[in-house]
Amino acid sequence: MPYSVGIQAAGAALLSAGFPAMFTTAIVVLLVIVSVISSLHKDAADAPARLPIYSLFSIVPFFRRRFDFLNWGFQVTGQSAFQFDLLRNNVIVVSGESARETFFSAKGLDLTEGFKILSGAIPMVRGVTSDLQTKRIATIHKRLASVQRNERLSMLIRPMLEDSRRAMETWGNSGSFDPFDNVYELTVRSLSCSEISDDPCVVARLKKLYDTLDVGTTPATVLLPWLPTPAMLKKLWATKEIYDIVVAAIAAREQSGVSRDDTLQMLLDSGDEKLVVVGFIMGLLIAGARATGTTACWMLTFLGGHPEWRDKARAEVEGLVASQYPAAASSSDSLSSQLAGISLETWEAETPVLDSIIRETLRIAQPHTAMRRNLGAEIHIEGKLIPSGAYVMYPFSDVHLNPDIYPDPWKFDPTRERETKTAYSYVGWGGGKTTCLGQRLARVELKLVTALFLLGFQHRVVDSSGKVASGPPLPNWNDILLCRPPQGSFKLAYERSKTTL
Ligand code: HEM
């Protein structure tokens, strides 16, 4: 009797709650049904071990605490590979050296398809950044290679420094900031166009919109993209705004009839269809500028927590300025002009300290989980079946935080020797057939931003009460995009040096 009263009461409450409650309930029921159905099918004998939870319970930890969730998966199954379902998507997580070798080289494993479903932070506009045919993706990759030819990359040095200078000027003589708020805007120029990067308001707006995409990437928006949740609507709106900014910039360039020296002009001059141009800028702004901005945040943070490395890096750049620009000390030229006088070749080949700092930063503060979809026939990884159509993941923590390969793995130590005995022992720029295609540009940009900051400012990491911290904060690998520690837990305190930026 009490049960039926309870059910009646619940039914009455539901009816009186109106459409939103009924809609939510219907969705929950649907999810439970999908979850139960997916748990009923039998796995093949050579299938990886399955997580001992209903698939419904994987969703939130997968999106919100991925590092902990994946570690738990390996622990609870006691295997080097395990599987779980994200609604109707079968996901297999692999680890270990031989898994890495197959993962980064197998022909059928497709990066674009993997990211589309499991990542979700890239703005998806059908036919522009999603559903691009292979031919269009190939064109975009070809254009990316063009941006990074010697001549073009050399030409980008001065404007990239000028962008950074302009942004750093606004920081005043001293103060403190959260690098995750301020540093991203330093890295927009190289990929877009003057119509966007010359306008600080548009750059700030873009940053806000991409932040909206990050925050708006909830389990529901990725797995049930058709569900009109508030997060999904916000995401849709942000995507449209970004699209409009890019399209307006292209239209302004075309109408002006003025030809400029930037990435947009190169794309337009190549005669590419509009879809490719917009897709290039939207897709790579997020893949590129976001990754570069985040890495720059972490480089400055590690250097602020390790003054000995900050001083070494600064001495390296001062040495370059002195050798390439002998009159620098007596010159009234600004710091950014002096740095712009250093050749691309020198930035690339004569900065071993900056190189080792970038390398160590990407090892310890890039919480990437590589994702693929098996578009080919079934394959085996370490004897475990990867069916056709399944998603496969490889968490970078498996190698980068592995104490057998990197002793004391959480320690920031740019002196670490390169490990050559283990296959793919370093994947900071990916590996095999999916190595980062923007690496050359990103490395130069990271060096320029860091060099200008180190010569223009003295800085230290401070804790939430403003006291100088004993070291940098610990990267938070559960934050899948930025690795950002708890907000407010640290800042970078800085003082301007006497030199003009
Ligand atoms: C510090 C900055 C960057 C880092 C750390 C980085 C890192 C990576 C990594 C780890 C991958 C492989 C992903 C995987 O295997 O799942 C990758 C792929 C890629 N990156 Fe970057 N990246 C950076 C900047 C850029 C920039 C600036 C661009 C473009 C302008 C870019 C374009 C790409 C592309 C197109 C791919 C996919 C390659 C393919 O499909 O084979 N990246 N990147």
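Only a predicted model underlies this, so the values are computations on that prediction, with no experimental measurement involved.

Let's talk about the pairing of strand S9 (residues 391–395)
Moving on, step 1. Summarising burial for S9: five of the five residues are buried, a large majority.
Moving on, step 2. The two faces of S9 match: Tyr391, Met393 and Pro395 on one face and Val392 and Tyr394 on the other face are all buried.
Moving on, step 3. Note that strand S3 (residues 89–94) and S9 share three bridges and pair parallel. Counted as the bridge partner of Val93 is Met393 from S9.
Moving on, step 4. Inspection of the sheet shows strand S6 (residues 369–374) paired to S9 by five bridges, in the antiparallel sense. Looking across to S9, one finds that Thr369 is bridged to Pro395.

Considerations on the UniProt feature "binding site: heme" (unreviewed entry) in the chain
Moving on, step 1. In the UniProt entry, the feature "binding site: heme" (unreviewed entry) is given for Cys436.
Moving on, step 2. Looking at the element boundaries, Cys436 is found in the loop between helix H20 (397–400) and helix H21 (439–456).
Moving on, step 3. Residue Cys436 is classed as partly exposed on the basis of its relative accessible area of 33%.

As for the packing of aromatic side chains
Moving on, step 1. Summed over all chains, the structure comprises 25 aromatic pairs.
Moving on, step 2. Where Trp298 meets Phe302, the ring centres are 5.3 Å apart and the plane angle is 35°; that geometry is what we call tilted. In this pair, Trp298 and Phe302 are both assigned in helix H15 (residues 274–305), four residues apart and thus about one turn of the helix distant.
Moving on, step 3. On the basis of relative accessibility, which here comes to 2%, the residue Phe302 falls in the buried class.
Moving on, step 4. Through pairs of rings, three or more aromatic residues link up here, namely Phe62, Phe63, Phe69, Trp72, Phe74, Phe82 and Phe84.

Thoughts on helix H4 (residues 66–77)
Moving on, step 1. Taking 1.5 Å of rise per residue, the 12 residues of H4 would be expected to cover 16 Å, and the 16 Å separating its terminal C-alpha atoms lies within 8% of that figure.
Moving on, step 2. Inspection of H4 places Arg66, Phe67, Phe69, Leu70, Gly73, Phe74 and Thr77 among the buried residues, and these make up the whole buried set.
Moving on, step 3. Looking one or two residues beyond H4, the residue adopting positive phi is Gly78, at roughly 65°.

Some details on the site of the ligand
Moving on, step 1. Lining the immediate surroundings of the ligand are 26 residues, of which Thr295, His368, Arg372, Gly430 and Cys436 lie closest.
Moving on, step 2. His368 is positioned with one of its side-chain polar atoms (N or O) 3.0 Å from an oxygen atom of the ligand.
Moving on, step 3. A distance of 2.8 Å separates an oxygen atom of the ligand from a polar side-chain atom of Arg372.
Moving on, step 4. Where the shell around the ligand is concerned, the elements lending two or more residues are helix H6 (111–118), helix H7 (134–147), H15 and S6.

What to know about H21
Each α-helix winds once per 3.6 residues, and so residues spaced three or four apart point in a common direction.
Moving on, step 1. With 18 residues, H21 should reach 26 Å at 1.5 Å per residue; the first-to-last C-alpha distance of 26 Å fits that figure.
Moving on, step 2. Counting buried residues in H21 gives 15 out of 18 residues, a clear majority hidden from the surface.

Details of unusual backbone geometry
Moving on, step 1. If you check the backbone angles, Glu382 has positive phi at about 50° while not being a glycine.
Moving on, step 2. Within the secondary structure layout, Glu382 lies in the loop between strand S7 (379–381) and strand S8 (384–386).
Moving on, step 3. Here Asp408, not a glycine, exhibits a phi torsion of approximately 50°, which is positive.
Moving on, step 4. Here Asp408 shows up in the loop between H20 and H21.

As for the sheet that holds strand S1 (residues 49–50)
Adjacent strands of a sheet pair through backbone hydrogen bonds, lying either parallel or antiparallel.
Moving on, step 1. Judged by pairing direction, the sheet is mixed, and its six strands sit side by side in the order S1-S2-S3-S9-S6-S4 without closing on themselves. Two strands close off the open sheet at either side, each with one partner strand: S1 and strand S4 (109–110).
Moving on, step 2. On top of the sheet, helix H3 (residues 56–64) reaches strand S2 (81–86), S6 and S9; it is set at about 105° to S2, its chief contact.
Moving on, step 3. Running at roughly 125° to S9, helix H5 (residues 97–105) makes contact with S3, S4, S6 and S9 of the sheet.

Observations concerning the pattern of salt bridges
Moving on, step 1. Counting across every chain of the model gives 21 salt bridges.
Moving on, step 2. Each of Glu162, Arg165, Glu169 and Arg496 takes part in salt bridges that share partners, so that together they form one network.

Brief notes about the packing of helix H19 (residues 352–364) against H21
Moving on, step 1. For the pair H19 and H21, the least separation of the axes is 11 Å and the interaxial angle reads 110°. When the axes of H19 and H21 are compared, the pair comes out roughly perpendicular. Mapping the contact onto sequence places Leu354, Asp355 and Ile358 in H19 and Arg443, Leu446, Lys447 and Thr450 in H21.
Moving on, step 2. Within the contact of H19 with H21, the residues separate by chemical class into three nonpolar, one polar and three charged.

Reading the values: the criteria
- Residues numbered from 1 in each chain as written.
- Predicted model: local features only at pLDDT ≥ 70, side-chain atom pairs only at ≥ 80, totals over all residues.
- Heavy atoms only, no water.
- Buried < 20%, exposed > 50% of the residue type's maximum accessible area, 1.4 Å probe, protein only.
- Helix = DSSP H or I, 4+ residues; strand = E, 2+ residues; numbered from the N terminus.
- Pairing = 2+ DSSP bridges.
- UniProt positions renumbered as here; feature names shortened; annotations may be inferred.
- Phe/Tyr/Trp six-rings, centres within 6.5 Å; stacked < 30°, edge-to-face > 60°.
- Expected span 1.5 Å × (residues − 1).
- Near = heavy atom within 4 Å.
- Polar contact = N/O pair within 3.5 Å; in protein donor to acceptor, adjacent residues only side chain to side chain.
- Contact = heavy atoms within 4.5 Å.
- Axes fitted to C-alpha atoms, helices over the stretch in contact; angles between N-to-C directions.
- Salt bridge = Lys/Arg side-chain N within 4 Å of Asp/Glu carboxyl O.
- Parallel < 35°, antiparallel > 145°, perpendicular 65-115°, else oblique.
- Nonpolar A, V, L, I, M, F, W, Y, C, P; charged D, E, K, R; others polar.

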